[in-house]
Amino acid sequence: MNIRKNTYKGAGLKLLVASFFAVLSVYGQSRQEIALTENWKFYRGKNEQAFEKTFNDRSWKTVTVPHDWAISGPFDKEIDKQMVTITQNGETRPSEKTGRTGALPYTGEGWYRNNFIVPSLKKGQRTLLLFDGAMSEPRVYFNGKLVGQWNYGYNSFYLDVTGQALPGEMNTLAVHLSNRPKSSRWYPGAGLYRNVHLIVKDEQSIGQWGVSITTPVIEARISKVNIKTKVTGNNLRLVTQILDREGKELIVQSTDQQFGHEFEQNIPVADPKLWSPESPYLYTAVSRVYEGTELKDEVKTRFGIREIRYEANKGFSLNGKVRKFKGVCLHHDLGPLGAAINTAALRRQLTILKDMGCDAIRSSHNMPSPEQLELCDELGFMFLAESFDEWAKPKVENGYHLYFNTDAEKDVVNLVRANRNHPSIVMWSSGNEVPDQFGPEGVKRAKWLQDIFHREDPTRPVTVGMDQVKATMASGFAALLDIPGLNYRLPLYPDAYKAFPQGFILGSETASTVSSRGIYQFPVVIGKNVRHPDLQSSSYDVECCSWSNLPDDDFIMQDDMPWVIGEFVWTGFDYLGEPTPYDEQWPSRSSYFGICDLAGIPKDRYYLYRSRWNTEKPTLHILPHWNWAGREGQVTPVFVYTSYDSAELFLNGKSLGIRKKNKTSPQDRYRLMWNDVKYVAGTLKVVAYDSTGRAVAEEQVVTAGTPHKIVMETDRNEITADGKDIYYVTVSVVDKDGNPCPTATTQLKFNVTGAGIFKAVCNGDATSLESFELPTMKLFSGKLVVLVQSTKNAGTMNLSISGKGLKGGQISLQSR
């Protein structure tokens, strides 16, 4: 059922989307889905015989999947050294770039092999292999035969291997992967970095990604749930059961009316509880297919009910309430884990962002993983699901443009069909800053892609992240899009609003402010493309790129222009690669854009966004740290990021005055600043006042003494003993009085015993060449994060940490 309504009123586009979405998750005993995670053999390099069923792989390395072969390193300048002109950054001539793809060894070929028994259900079963993503150009061999291939490393795909499968016997899966040099603008990872699944089901069953659910009607007392279910086979009966969040049955409906190979049902859900970031309520649909009285297939599906609207001169609304996206862009790598997907790591990222008040994620610039979308459904994040960074015109020599003409349609089809049922997804993106923005051919490509999205999913709009705004005005490129997304270019927002017919603008990519956690550069001045000798950017949050801006500039646009429907900040976390503005200066090898660093530790900028976005809890944060030996008597400005309108600063008990937010400058509007403070060691305290002038909160920083003791803090109290779950332990150093030592750089060593293993470590320093996988690393700005992974044996794991001149630390961690 097409429930998209496009009606033009003047220059505006009104887009109504009422939708009900689902997530394929759990299966009944009529089918088996097995995650192929263990007992993989891996080899890095060429091998002409590795596809053969009888090939001897005993000497290969044993790994678990998901697996990123490149994250082990070592970092090497020569790996991704390029003479290149980055035109989207405004460059006009080539220069040597290093660290652009993380300086990690992702290029080259690799092989994965696994032997397993395919379950034997009954005569007439079907066997599928499902890949959530494989980096890249996977060629899949099953029992010695090539059964399929896919080019795009970020996409899900499945292969029907029924003809090659040997039920009840040992089968051999071999996967060849190849990553070309100059194929990415950031670190892509390498290998089987997402999950691989074996699916065995009846010949007569629900098709892969065959369930599509929408709600053409959502009212306070009832929601009409439309479910289309594609099946293989005839003379079948479909029974659908709807459960609430607690598993209580709400309604059951049965039908034997097949339209070709599809069932369609309209099921009423009384008193629907709507999905939103504030209340991410999820139901469950249980779909059962019968032939006579014999159960042939069963699929359980979580879903949410919600309504989205995009309206000219009004903006975006969710469930009838106008709101603006408070979003961030996220690359797919997980810092020290590389690209290998891990649910614990994703959950930690989203939990940190949730406390900041973030309510939306853009998967930039790639197709998202199932795990990320499932967590966004569960935790309550709206999602902008992106597809491509290139169309037909290249950005890099071996990028997606090589496949666009042959693969783009099937890639979009898989993206949509695999993910259309997630309530979190509120729009699709067909591209990011594509060079095709210029000229009529680009307009045709934009329309062609958007039409495919509409055909596959008529319930959601489509956007493109555009940086060539004037070109898209002239060509009509932006006018045809459902949602015009602007990457930066704030001065052109008003002109774009007047020129485009939709009646609203989305900040699809904003800010690109750069900073290094705990590093403060002097003098404190606003600057673009600033480079410092230490290859670090100032955490005063006053530095950005030649083409970007500071957060405060975006805040003004969001606050003052009702036709701006929100923003997606570049980026929520630092990521591997793209070390702008130091991409010409080794050893910088990861980004500075993040609101949090590569280890997931919030930077000061986190609290600036939190002061605006988190409306449930107050924010009061003071910067910089107060350890400035050698700066005595020198001007050392103090900034306060707070949700309160005014505060008073005290240095060693002496008031340095009250500041109130005002509109003197963008920074004065959103920050409280004392720009003339002269450094004296001691205690710096800020007291916040409410609107009545009453003191309501205070924070302080203290000049710390000599580093004395290691302290640790865990992200959770307990993890699951599944061999995948991870503790994130934040490690810092304090003086003898317990004051944090913000400049400590001590080399630490880590040891894990018991029911866990040392997994990785990261300190957030974009210039560090230390391995993530060795149990030693220097502190950066007084902190780092250690990752401890569970085994399959429940129990206690002990993490001990030592460093020269420091009192060691030990913590006991639990798994069950």
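Below, the structure is looked at part by part. As the structure is a computational prediction, the values presented were derived from the model and not from experiment.

Within the fold, Ser 156 resides in the loop between strand E11 (145-149) and strand E12 (157-160). Overall, Ser 156 belongs to the buried group, its relative accessible area being 9%. Excluding residues within four positions of it along the chain, Ser 156 makes contact with Phe 131, Asp 132, Trp 209 and Asn 414. Among the polar contacts made by the side chain of Ser 156, one reaches the main-chain carbonyl oxygen of Asp 132 at a distance of 3.4 Å.

Moving on: the pairing of strand E49 (residues 809-815). The two faces of E49 differ: Gly 809, Ile 811, Leu 813 and Ser 815 on one face are buried, but Gln 810, Ser 812 and Gln 814 on the other face are not. The sheet contact formed by strand E48 (residues 795-803) and E49 spans 7 bridges and is antiparallel. Looking at the pairing, Thr 796 lines up with Gln 814 of E49. Here E48 hands over to E49 after 5 residues, with Gly 805 in that stretch at a positive phi of 80°.

What follows is about the pairing of strand E25 (residues 325-330). Sheet faces and side chains relate simply in a regular strand, where the side chains alternate between the two faces. Counting buried positions along E25 gives 5 out of 6 residues, so the element sits mostly inside the fold. Summarising the sheet, E25 and strand E34 (residues 564-570) pair through 4 bridges and their orientation is parallel. In the sheet register, Val 328 faces E34, and the bridge partner there is Val 569. Strand direction decides the pairing type here: E25 and strand E26 (residues 360-363), joined by 4 bridges, are parallel. Looking at E26, one finds that Gly 327 is bridged to Ala 360. Regarding the hand of the β-α-β motif, the stretch spanning E25, helix H1 (residues 343-356) and E26 is right-handed.

A few words now on the packing of aromatic side chains. This model, assessed by the stated rule, comprises 44 aromatic pairs. Note on Phe 316 and Phe 325: the rings are 4.4 Å apart at their centroids and 25° apart in plane angle, and the pair reads as stacked. The class for Phe 316 is buried, based on a relative accessible area of 1%. Aromatic pair Tyr 606 and Tyr 607: ring centres 5.1 Å apart, planes at 75°, arrangement edge-to-face. On the accessibility criterion, Tyr 606 (3% relative accessible area) is buried. Judged by relative accessible area, which is 25%, Tyr 607 ranks as partly exposed. Taken together, Tyr 152, Tyr 154, Phe 388, Trp 391, Tyr 400, Tyr 403, Phe 404, Trp 448 and Phe 477 form an aromatic cluster joined through their ring pairs. The cationic tip of Arg 237 hangs over the ring face of Tyr 290; the distance from NZ or CZ to the ring centre is 4.7 Å. The ring of Trp 150 carries Lys 410 above its face, with NZ or CZ at 4.4 Å from the centroid.

Bringing helix H3 (residues 404-419) into the picture now. The terminal C-alpha atoms of H3, which comprises 16 residues, lie 21 Å apart, in line with the 22 Å expected from a rise of 1.5 Å per residue. Along H3, the residues classified as buried are Phe 404, Asp 407, Ala 408, Asp 411, Val 412, Val 413, Asn 414, Leu 415, Val 416 and Asn 419.

To continue, consider the sheet that holds strand E42 (residues 709-714). Strand order in the open sheet formed by 4 strands is E42-E43-E47-E45, and the pairing between neighbours is antiparallel. Two strands lie at the open edges of the sheet, namely E42 and strand E45 (756-762), each paired on one side alone. Averaged over all neighbouring strand pairs, the angle between strand axes comes to 30°, with direction disregarded. The sheet contact formed by E42 and strand E43 (residues 726-734) spans 6 bridges and is antiparallel. Within E43, the position partnered with Thr 714 by the bridge is Val 729.

Here the bond from Trp 586 into Pro 587 is cis, since omega is 15°, no more than 30 degrees from zero. In this fold, Pro 587 is placed in the loop between E34 and helix H8 (604-613). Here the amide bond leading from Leu 623 into Pro 624 is cis, since omega sits at 10°, within 30 degrees of zero. Positive phi, normally seen in glycine, also occurs at Lys 182, with a value near 55°. Residue placement: Lys 182 occurs in the loop between strand E13 (170-179) and strand E14 (196-202). Note on Lys 182: relative accessible area 37%, which makes it partly exposed.

Contact pair helix H7 (residues 551-560) / H8: the axes reach a minimum separation of 12 Å and the direction vectors enclose 15°. By the angle between their axes, H7 is roughly parallel relative to H8. Of the two possible hands of crossing, H7 and H8 adopt the one that is right-handed. Residues Pro 551, Asp 552, Phe 555, Gln 558 and Asp 559 of H7 form the contact with H8, whose participating residues are Arg 605, Leu 608, Tyr 609 and Arg 612. In the contact of H7 with H8, the residues fall into 4 nonpolar, 1 polar and 4 charged.

Our next topic: the sheet that holds strand E20 (residues 262-270). Reading across the sheet, the 4 strands line up as E15-E16-E20-E19 and stay open at both edges, with antiparallel pairing between neighbours. The open sheet is flanked by strand E15 (205-218) and strand E19 (258-259), the only strands paired with a single partner. Alignment of strand E16 (residues 222-232) against E20, held across 9 bridges, turns out to be antiparallel. The partner of Lys 230 across the bridge, within E20, is Glu 262.

Here is what the cut-offs are and how they apply
Residues numbered from 1 in each chain as written. Predicted model: local features only at pLDDT ≥ 70, side-chain atom pairs only at ≥ 80, totals over all residues. Heavy atoms only, no water. Helix = DSSP H or I, 4+ residues; strand = E, 2+ residues; numbered from the N terminus. Buried < 20%, exposed > 50% of the residue type's maximum accessible area, 1.4 Å probe, protein only. Contact = heavy atoms within 4.5 Å. Polar contact = N/O pair within 3.5 Å; in protein donor to acceptor, adjacent residues only side chain to side chain. Pairing = 2+ DSSP bridges. Right-handed = clockwise from strand over helix to strand, strands pointing away. Phe/Tyr/Trp six-rings, centres within 6.5 Å; stacked < 30°, edge-to-face > 60°. Lys NZ or Arg CZ within 6 Å of the ring centre and 35° of its normal. Expected span 1.5 Å × (residues − 1). Axes fitted to C-alpha atoms, helices over the stretch in contact; angles between N-to-C directions. Parallel < 35°, antiparallel > 145°, perpendicular 65-115°, else oblique. Left-handed = near helix turned anticlockwise from the far one by under 90°. Nonpolar A, V, L, I, M, F, W, Y, C, P; charged D, E, K, R; others polar.

Purely spatial values, then, with no claim about function.
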